[in-house]
Amino acid sequence: KKAGAASTKAKKAKAKGGEDVPETRRGAVTIGTKERPVTIFPSDYLVHRDFGVCQFTDLVKSVKNPTSDTMMIQCSFGDGKKVNVGPNSQHKLSRFKAGDTSAPPKLAKLDEKGQAAWKKAIVKAKESALASAQDVLALYAAREDQDREPCLA
């Protein structure tokens, strides 16, 4: 083995399955349900159902019960405020999916104006989903009403 080879490669740790994990991806946390677990890493963007888009910063011990082994997910928001999400509320977190863009998302603010904007965005998304569902149902209803000769090729 060459001397100094370790210094030229990124430091790695062994994951449970034995594969190498880059040091920058340490601190993984699994959230979600048993049926649909989601692994998140520090600096990942998340969506909190009540507050909006945030960034996973760290795992912290419970402030109310520091002797407990319960770890909380610390999320930071656009105005610099942080929220600790306990195990009973982690179902409200999901990973942010950016689609085709590589630009980082705009983090939500926890002030009244930011929360009003988040609630407005939720209402708009629900209305859009409902309109899409109605369009699909109308399309299927129109297909059912059509009569055509069978293809006998």
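Everything numeric here is computed off the predicted structure, so don't read it as measured data. (Residues numbered from 1 in each chain as written. Predicted model: local features only at pLDDT ≥ 70, side-chain atom pairs only at ≥ 80, totals over all residues. Heavy atoms only, no water.)

I keep staring at the pairing of strand β8 (residues 82-85) and nothing clicks. Help me out?
In regular strands, side chains alternate between the two faces of the sheet. Only one face of β8 is buried, namely the one carrying V83 and V85, since none of K82 and N84 on the opposite face is buried. Relative to β8, strand β7 (residues 71-76) runs antiparallel, the two being bridged by four bridges. Across the sheet, I73 pairs through a bridge with V85, a residue of β8. Where β7 folds back onto β8 in an antiparallel hairpin, the turn is made up of five residues, including G80, whose phi is positive at roughly 85 degrees. (Buried < 20%, exposed > 50% of the residue type's maximum accessible area, 1.4 Å probe, protein only. Helix = DSSP H or I, 4+ residues; strand = E, 2+ residues; numbered from the N terminus. Pairing = 2+ DSSP bridges.)

Can you walk me through unusual backbone geometry in this structure?
Here S43, not a glycine, exhibits a phi torsion of approximately 80 degrees, which is positive. Relative to the elements of secondary structure, S43 occurs in the loop between β4 (37-40) and β5 (45-48). On the basis of relative accessible area, S43 is assigned to the partly exposed category, the value being 44%.

Explain the side chain of Q74 to me, please; I cannot follow it from the model alone.
Checked against the element boundaries, Q74 lands in strand β7. Looking at Q74, the relative accessible area reads 16%, which means it is buried. Residue contacts for Q74: discarding those within four places in its chain leaves Q55, F56, T57, D58, V60, K82, V83 and N84. (Contact = heavy atoms within 4.5 Å.)

Quick question: what am I supposed to make of the pairing of strand β3 (residues 29-32) here?
Across the two faces of β3 the burial differs, with V29 and I31 buried and T30 and G32 not buried at all. Here β3 folds back onto β4 in antiparallel fashion, the turn holding four residues.

How do you make sense of the pattern of salt bridges when you look at a structure like this?
A side chain with one charge may pair with a side chain of the opposite charge, provided their charged atoms come close. Tallied over the entire structure, the rule returns two salt bridges. With its nearest N and O atoms 3.8 Å apart, the salt bridge here joins D44 to R95. Residue D44 is found in the loop between β4 and β5, and its partner R95 is found in strand β9 (residues 93-95); the two are separated by 51 residues along the sequence. By relative accessible area, D44 is classed as buried at 11%. K92 is the salt-bridge partner of D50, the closest N and O atoms lying 2.7 Å from each other. Here the residue D50 occupies a position in the loop between β5 and β6 (52-61), and K92 occupies one in the loop between β8 and β9, the gap between them amounting to 42 residues. Judged by relative accessible area, which is 30%, D50 ranks as partly exposed. (Salt bridge = Lys/Arg side-chain N within 4 Å of Asp/Glu carboxyl O.)

Help me understand the nonpolar core, please; the structure alone is not making it clear to me.
Note on soluble globular proteins: their nonpolar side chains tend to be buried together. Counting residues in hydrophobic clusters, the biggest one holds 13 residues, and the most contacted among them are I40, L46, I73, C75 and L93. Breaking this core down by element, the ones donating at least two residues are β3, β6, β7 and β8. With sequence-adjacent residues up to four places away left out, I40 is seen in contact with G27, A28, V29, I31, L46, F56, I73 and R95. (Core = buried A, V, L, I, M, F, W, Y, C linked by side-chain atoms within 4.5 Å.)

Is there a simple way to think about the confidence of the model for the chain in this case?
Detailed reading of the predicted coordinates is not advisable wherever pLDDT is low. Summing up the model confidence of the chain, the mean pLDDT is 80 and the portion of residues at 70 or higher is 82%. Of all the helices and strands in the chain, helix α1 (residues 5-8) carries the lowest mean pLDDT, 36, while helix α2 (residues 112-145) carries the highest, 93. Across residues 1-18 the pLDDT falls below 50, and counting only partners more than four positions away or on other chains, this stretch makes 14 contacts in the model. (pLDDT = per-residue confidence, 0-100.)

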